[in-house]
Amino acid sequence: MKIVMLGPQGSGKGTQAAKIAEKLNLPHISTGDIFRENIKNQTELGKLAQEYTNLGKLVPDEVTNKMIADRLSKEKKGFILDGYPRNSKQAKALEEMTHIDYVINIEISDNESVRRISGRRTCESCGEVFHTIFKKPKNEGVCDKCKGKLLQRDDDNEEVVRKRLEIYHEMTKPLVDFYRNEDVLIEINGEQPIMKVFKDIVMNLEREKE
Ligand code: AP5
Ligand code: MG
């Protein structure tokens with residue numbers, strides 16, 4: 001099954017994609033995670049991406065499209081794609097790469113986005129995502145899974161989040177209508193507890209399969 005996760009910053013794309021990937025035994029492919037891994041290792045791609053991610057801007061389409069085309073060509077069984085596509089050019093590029101079965105759009109308000117992002121903490125070793133209020137680690141600042149250190153992402157400050165949201169509304173949100181017209185859209189209320197959002201996603205996927 002080939003699934004795309006859509007939604008604003010902090011809506012839970014990464015959180016839910018990881019859970020769906022585990023349930024369906026499919027790879028979770030996050031463009032943001034790939035860029036952050038490259039930034040950490042200071043690869044050529046990482047150095048370029050850093051100039052954009054730190055400002056909350058999109059990495060140029062040519063670079064992102066190529067990176068995803070390479071990655072998807074290796075995934076014959078399916079995938080959960082998180083953070084791509086993010087504008088109409090990327091959506092067209094994806095159409096040329098493969099057929100998508102479902103697009104899961106998780107909706108939350110801008111105020112909720114800012115609230116979630118400011119409390120997010122990410123494990124520097126394994127990438128597991130926590131929240132200071134909504135998904136607390138057992139020991140403060142320490143990853144439950146691998147005992148790695150929990151850090152705040154460089155682009156998770158209010159100024160950059162506002163910029164990311166501005167771009168989301170201008171470039172990414174129009175994709176919701178595009179996929180609704182394609183009849184592959186599943187719409188989910190993201191302003192519910194993590195497990196309830198997951199339950200709604202699973203229920204919708206099962207209903208679609210019938
Ligand atoms: P990316 O990493 O994709 O960031 P984003 O789109 O801004 O989304 P986030 O990761 O911030 O939010 P999320 O929806 O995954 O939320 P999460 O599950 O973590 O992209 C980063 C940058 O990379 C971009 O700005 C751009 O520069 C570049 N980039 C990426 N893709 C690109 C592309 N296609 N083209 C060009 N450039 C690209 O949850 C957030 C927090 O809330 C967590 O702490 C979590 O624990 C908590 N939480 C989650 N769900 C709930 C809930 N239901 N209730 C309470 N708390 C919750
Ligand atoms: Mg994410």
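Scroll up for the structure.
Draft legend 1. Main features of the overall build of the protein. The number of helices and strands found in the protein is nine helices and eight strands. Taken over the C-alpha trace, the protein has a radius of gyration of 16 Å; the compact-globule value for 210 residues is 17 Å, and the two agree within 12%. C-alpha atoms of the protein, sized along the principal axes, occupy 45 × 40 × 30 Å. Relative to its 210 residues, the protein shows a buried fraction of 46%. In the protein, 68% of the contacts between residues at least 6 apart in sequence involve partners at least 24 apart. As presented, the protein carries roughly 11400 Å² of accessible surface, and 49% of it is formed by carbon and sulfur atoms.

Draft legend 2. Seen up close, the packing of helix α7 (residues 158-172) against helix α8 (residues 174-181). Close contact between α7 and α8 brings their axes to 5 Å; oriented N to C, the two are set at 35°. Residues Tyr168, His169, Glu170, Met171 and Thr172 of α7 form the contact with α8, whose own contacting residues are Pro174, Leu175 and Val176. Classifying every residue of the contact of α7 with α8 by side-chain character gives five nonpolar, two polar and one charged.

Draft legend 3. Quick look at α7. Between its first and last C-alpha atoms α7 spans 20 Å; for 15 residues at 1.5 Å apiece the expected length is 21 Å, and the two agree. Of all the residues in α7, the buried ones are Val160, Val161, Arg164, Leu165, Ile167, Tyr168 and Thr172. The buried residues of α7 all sit within an arc of 165° when viewed along its axis, so they share a single face. Those residues of α7 that are exposed and angled more than 90 degrees off the buried face are Glu159 and Glu170.

Draft legend 4. Spotlight on the site of ligand 1. Around ligand 1 there are 35 residues in total, and Thr15, Lys57, Arg86, Arg120 and Arg164 lie nearest to it. Contacts to ligand 1 include Lys57, whose backbone N or O atom sits 2.6 Å from an oxygen atom. Side-chain polar atom of Arg120 to an oxygen atom of ligand 1: 2.6 Å apart, as the coordinates give it. Broken down by element, the residue count for the shell around ligand 1 peaks at four residues, all from helix α2 (residues 31-40).

Draft legend 5. How the structure looks around a negative patch on the surface. Where like charges cluster on the molecular surface, the negative patch consists of Glu95, Glu96, Glu182, Asp183 and Glu208. Mapped onto the secondary structure, Glu208 falls in helix α9 (residues 194-209). Residue classification places Glu208 among the partly exposed residues on the basis of a relative accessible area of 41%.

Draft legend 6. Region of interest: unusual backbone geometry. At the junction of Tyr84 and Pro85, the peptide bond is cis and its omega measures out at 0° in the coordinates. Its identity is not glycine, yet Gln42 carries a phi of approximately 50°, on the positive side. The topology assignment puts Gln42 in the loop between α2 and α3 (44-53). For Gln42, a relative accessible area of 37% translates into the label partly exposed. Of note in the backbone geometry, Asp183 takes a positive phi value of approximately 65° without being a glycine. Mapped onto the elements, Asp183 comes out in the loop between α8 and β8 (185-189).

About the thresholds
Residues numbered from 1 in each chain as written. Chains lettered and ligands numbered in written order. Predicted model: local features only at pLDDT ≥ 70, side-chain atom pairs only at ≥ 80, totals over all residues. Heavy atoms only, no water. Helix = DSSP H or I, 4+ residues; strand = E, 2+ residues; numbered from the N terminus. Rg over C-alpha atoms; globule rule 2.2 N^0.38 Å. Buried < 20%, exposed > 50% of the residue type's maximum accessible area, 1.4 Å probe, protein only. Contact = heavy atoms within 4.5 Å. Areas by Shrake-Rupley, 256 points an atom, 1.4 Å probe, with all protein chains shown as cover. Axes fitted to C-alpha atoms, helices over the stretch in contact; angles between N-to-C directions. Nonpolar A, V, L, I, M, F, W, Y, C, P; charged D, E, K, R; others polar. Expected span 1.5 Å × (residues − 1). Arc of directions from axis to C-beta. Near = heavy atom within 4 Å. Polar contact = N/O pair within 3.5 Å; in protein donor to acceptor, adjacent residues only side chain to side chain. Patch = residues over 30% accessible without salt bridge, like charges linked within 9 Å, V, L, I, M, F, W, Y side chains within 5 Å. Salt bridge = Lys/Arg side-chain N within 4 Å of Asp/Glu carboxyl O. Lys, Arg positive; Asp, Glu negative; His and termini not counted. Charge placed at Lys NZ, Arg CZ, Asp CG, Glu CD.

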